[in-house]
Amino acid sequence: MSKTMQRTSFWLAFAAIAAVSFGANGSASASAIKQTKGDFEDKFRQLDEVLPTPNVYRSAAGEPGEQYWQQQADYQINVRLDEEKRRIDAKETIGYQNNSPYILKYIWIQLDQNIFRNDSRAERSATFGSHPDTDLRGIDKPARISLGELRRQQFMTDNELGFAINNVENGEGQSLSFTIVGTNMRVDLAEPLAPGARTSLAIDFGFNIVEEDAVGARSGYEHFPDDAREGGNDIFLLAQWYPRVAAFTDYEAWTNKEFLGRGEFTMEFGDFEVNIDVPADHIVSATGVLQNPKQVLSKEQQRRLEKAKTADRPVFVVTEEEALENEKEGTSKRKVWRFAAENVRDFAWASSRKFMWDAKGYQQGGDVQPLVMAMSFFPKEGGDLWKKYSTESVIHTMEVYSRFSFDYPYPTSQSVNGPVGGMEYPMITFNGPRTELQEDGTRTYSLAEKRFLIGVVIHEIGHIYFPMIVNSDERQWTWMDEGLNSFLDGVAGREWDPSIPWGVEPRGIVDYMKSSVQVPIMTQSDSVLRLGPNAYSKPAAALNILREVILGRELFDFAFREYAQRWMFKRPTPADFFRTMEEASGVDLDWFWRGWFYSTDHVDISLDRVYKLRLDTQDPDIDWERRRQEQADKPVSFFVRRNEIEGRKTWVEMNPDVRDFYDENDRFTVTNKQRNAYQSFLEKLDPWERRVFDRAIAEDKNYYVLDFSNLGGLVMPILLQMTYADGTTEDYRIPAEIWRRNTKDVSKLIVTDKEVVSFAVDPNWETADVDIENNYYPRKIIPSRIEAYKSERGTDHISRDLMQEAKSKLKADEDSDNDEN
Ligand SMILES: [Zn+2]
């Protein structure tokens, strides 16, 4: 509806109230508040009383404050991969710059590998969800444990896992004492580190790499026993692999809450130089840029890498033939791959002789990073799926994300196939989808696997923006990266292929939002009951709704980009996001954050009833005739009708000669007394009142009063659609503020020229309304299905025919597939 038309409606609404008022002592009012005493909850209460007080580090606008600071941690690491032992041993030197205003006596280091120890806090606090039970027939049902879980337990028993920390010293070679506390380590400094001062730590460490398929981690090795090489080959994905300095922040000091497996991490930015010593036939992908291509690549491969920079489609740097050749043999020779990365908050790498490698330059333009090398590393198992889509998806992601945030600031952007389903690190991501080897030797993939590949690459590359550059803390607030990133991967996904369901549509989260397993989005990540919907799809859908329904694309995109640019290479908290989105859009969103992020309310707006009202003319010759007609339109008593059907005559009918005045004049008969009263009513009106009244009577519009109830508790705009008698429709959007004085029941007056035949709330499913059946007035019949089924006999121990079964012969191994038992 246009703005002009809205204003007209409000003006007329006032006229209607005034007219009604004359007949009812001025007491009727369309804005009357229905309220139960003591039942009021202010869903629009401002959020500042919940958010941290703004200070010199974080402003009330949601910007980094004038004294914002963050630490810097630079790393030089030499690491050696022992393929046989599936182990790495390394030495790192950390340069630590204290930019905080505080004196530090110790430095906390994250040791995420320690989560795999049998005595870790994560392992000891794991709960078990299956119990033995008896069903209604009294038959015992055992508890269940998956073979995967048994495999995990066996792996953790058989292998010594977690970091071996051999030595910690400072830059002067002085040994430092350290204390390991689960997945963290406190290193006591020889001298307190003053504000502005720099120190260095050298740590010798090593660990046995976990088998990803056995323990389900963010990194690890995968074994391929069927490769041509005797003993098979491995893919190694190394992440969370070196002792990493814990973040020290203005909002939480040391972020040393123990790693329990879900809430990932936040880190400090810094520069990395990493020398990776691997078998000479391995291909290595890592955060940063390869510094010594001449030592590790053939001349031909270097030429291909150069050609890829300006290619239209990805160019193979290491071809499938070369990868297959590498797969066959193995070598005892070694090569050192040297990588450097600037201003990254982490470093990950992958290594395997199985990798082929394709690359394509993304010509981004601009001053920051005009050329980005998009690259993919994958084994033959990735097949055509990876050849076609991985590197292209990497580039598509950067194109869309940069539009919403900032130019991609790094020189490389990589997608590596391995055993991890999907995980992100700066400039490098691990992505799991594969092709399937068929009996005829070809490799095929399902539509689901194709969607998974494109979707996961977009998602993980997207994470390089959030949280690898916009450095939020997932250990506290998973939604800040998973939610923001899922929202944007949905935007990018829809721009890739809108026929693929990207999992961020409002309608997709309604089952979760009405469920009993929902917890507020703001819940700390390890305590969330259902991580997928809580950290990914609900915040993504909420942001989608914020963009498309509440703010509109222009305001949302401006504010979101402002957030991304304010906080790139810095560490935002939820308050910084909430404040920036409000401050930059100019729209009060406290009710939105409260409802969507701090509560478990859901959206369920019901259109309970609709009244159609006609403005009284006050002229008795018109109004009383209308009332007479209304009376005539009502059904007469059915029991009176039954008397007529039976042919029963009334006394009056049987005695027609006995009639009087009231048989000719009903109660709607107008006399001059009423006509005089009407005249004096008109005379008492002020000139402006008379003009208003006469116009309203002349226009004789349709007045509809709609009663809404908020059954879900979440206050939301009401997206109303009217269908007129002539078949046309019109949208009328009511802002969420309609609920500000009564969050449960509100009524709205809608005035139209044309007659409305039906109203619908949110007909396009934009708001995640969980019950759409109560969105229609009049209601609709619900189309659905019913299925006939055949009853089956029970198959438990007492139902089986033991007499017959006892006759079965024992089968040889090869035909045990056709087991008759
Ligand atoms: Zn993610």
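Residues numbered from 1 in each chain as written. Predicted model: local features only at pLDDT ≥ 70, side-chain atom pairs only at ≥ 80, totals over all residues. Heavy atoms only, no water.

With respect to the helices and strands, the residue Val457 is situated in helix H9 (residues 447-465). For the pair Val457 and Glu264, spaced 193 residues apart in sequence, the C-alpha separation works out to 19 Å. In contact with Val457, other than residues within four places in its own chain, are Ser390, Ser393, Val394, Thr397, Ser415, Asn431 and Gly462. (Helix = DSSP H or I, 4+ residues; strand = E, 2+ residues; numbered from the N terminus. Contact = heavy atoms within 4.5 Å.)

With that settled, the discussion passes to unusual backbone geometry. For the bond from Phe466 to Pro467, the omega torsion is 15°, close enough to zero to count as cis. With respect to the helices and strands, the residue Pro467 is situated in the loop between H9 and helix H10 (478-496). The peptide bond linking Tyr777 to Pro778 adopts the cis configuration, its omega dihedral lying at 0°. In this structure, Arg86 is a non-glycine residue whose phi angle is positive, near 50°. Relative to the assigned elements, Arg86 resides in the loop between strand S1 (72-82) and strand S2 (87-97). One non-glycine residue, Gln240, lies in positive phi territory at about 50°.

In the numbering used here, UniProt assigns the "domain: Peptidase M1 membrane alanine aminopeptidase" (unreviewed entry) feature to residues 390-596. Measuring from the first to the last C-alpha atom of residues 390-596 gives 34 Å, for a span that is 54% helix and 9% strand. (UniProt positions renumbered as here; feature names shortened; annotations may be inferred.)

The strand order across the open sheet formed by seven strands is S6-S9-S2-S1-S15-S19-S17, and the pairing between neighbours is mixed. The open sheet has two edge strands with one neighbour each: strand S6 (164-170) and strand S17 (289-290). (Pairing = 2+ DSSP bridges.)

Our next topic: a nonpolar patch on the surface. On the surface, Trp651, Val652 and Val658 cluster together into a nonpolar patch covering about 310 Å² of accessible area. Among the structural elements, Val658 can be located in the loop between helix H18 (651-654) and helix H19 (672-684). (Patch = residues over 30% accessible without salt bridge, like charges linked within 9 Å, V, L, I, M, F, W, Y side chains within 5 Å. Areas by Shrake-Rupley, 256 points an atom, 1.4 Å probe, with all protein chains shown as cover. Salt bridge = Lys/Arg side-chain N within 4 Å of Asp/Glu carboxyl O.)

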